[in-house]
Amino acid sequence: MLLSISYVFGVIFIILGCFISFASTIGFVRNNDFFIKVQAFCMSNFYGISFILIGNILKNPNFFKFFLMLIIIIVNIAITLVITHSLTRLAFVENVKTNAINRRNLKKNEKN
């Protein structure tokens, strides 16, 4: 009984991770702004891969596999944060302009 509940939660986590990765990919392709693309990459890598790996742990519970996947998740999160910070810092130093429209500008355009 406990194994089947774990299996169902594992499948749910894998589906959720695939959906997050797919939605982030659409956001990456759709937007032109560099900072939004970096944020979409971060969300895909941070949440999508982590949810897929957690789902894999839950589907096939194994003590060795649990610690192996936990190490992979921690390293993935650390590398994603370092890469994201490095890219956005470099863009900030190089004065990359943002193309994103904030909500105030969007409301002004709707009134006109």
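Here the structure is shown first, and the text comes after it.
Residues numbered from 1 in each chain as written. Predicted model: local features only at pLDDT ≥ 70, side-chain atom pairs only at ≥ 80, totals over all residues. Heavy atoms only, no water.

Caption draft 1: Here's a closer look at the overall build of the protein. When its secondary structure is counted, the protein shows four helices and zero strands. In the protein, the succession of α and β elements from N to C terminus is α-α-α-α. Out of the 112 residues in the protein, the part that is buried amounts to 23%. In the structure as shown, the protein presents an accessible area of about 8,400 Å², 71% of it carried by carbon and sulfur atoms. (Helix = DSSP H or I, 4+ residues; strand = E, 2+ residues; numbered from the N terminus. Buried < 20%, exposed > 50% of the residue type's maximum accessible area, 1.4 Å probe, protein only. Areas by Shrake-Rupley, 256 points an atom, 1.4 Å probe, with all protein chains shown as cover.)

Caption draft 2: Expanded view of the packing of aromatic side chains. Following the criterion strictly, the structure yields five aromatic pairs and no others. An angle of 80° between the planes, with centres 4.8 Å apart, marks the rings of F63 and F67 as edge-to-face. Within this pair, F63 and its partner F67 are both found in helix α3 (residues 63-93), separated by four residues, close to a single helical turn. Taking 5.2 Å as the distance between ring centres and 75° as the angle between the ring planes, the aromatic pair formed by F66 and F67 counts as edge-to-face. Of the residues examined, F66 reaches a relative accessible area of 36% and is grouped as partly exposed. The structure contains a cluster of three or more aromatic residues connected by ring pairs, namely F63, F66 and F67. One Lys or Arg, K37, reaches over the ring of F28 and ends 5.0 Å from the middle of that ring. (Phe/Tyr/Trp six-rings, centres within 6.5 Å; stacked < 30°, edge-to-face > 60°. Lys NZ or Arg CZ within 6 Å of the ring centre and 35° of its normal.)

Caption draft 3: Seen up close, α3. Here α3 contains 31 residues, and its C-alpha end-to-end distance of 45 Å stays within 8% of the 45 Å for a straight helix at 1.5 Å per residue. For α3, the set of buried residues is K65, M69, I73, N76, T80, T84 and A91. On its buried face, α3 sits against α2 (34-59). A side-chain oxygen of the first residue of α3 lies 3.4 Å from the backbone nitrogen of F64; this N-cap is N62. Once α3 finishes, N95 follows within two positions and takes phi at roughly 60°, a positive value. (Expected span 1.5 Å × (residues − 1). Contact = heavy atoms within 4.5 Å. Polar contact = N/O pair within 3.5 Å; in protein donor to acceptor, adjacent residues only side chain to side chain.)

Caption draft 4: Spotlight on the environment of V38. The topology assignment puts V38 in helix α2. Note: C-alpha distance between V38 and F28 (ten residues apart in sequence) is 7.9 Å. The contacts of V38, once residues within four sequence positions are left out, are T84, L87 and T88.

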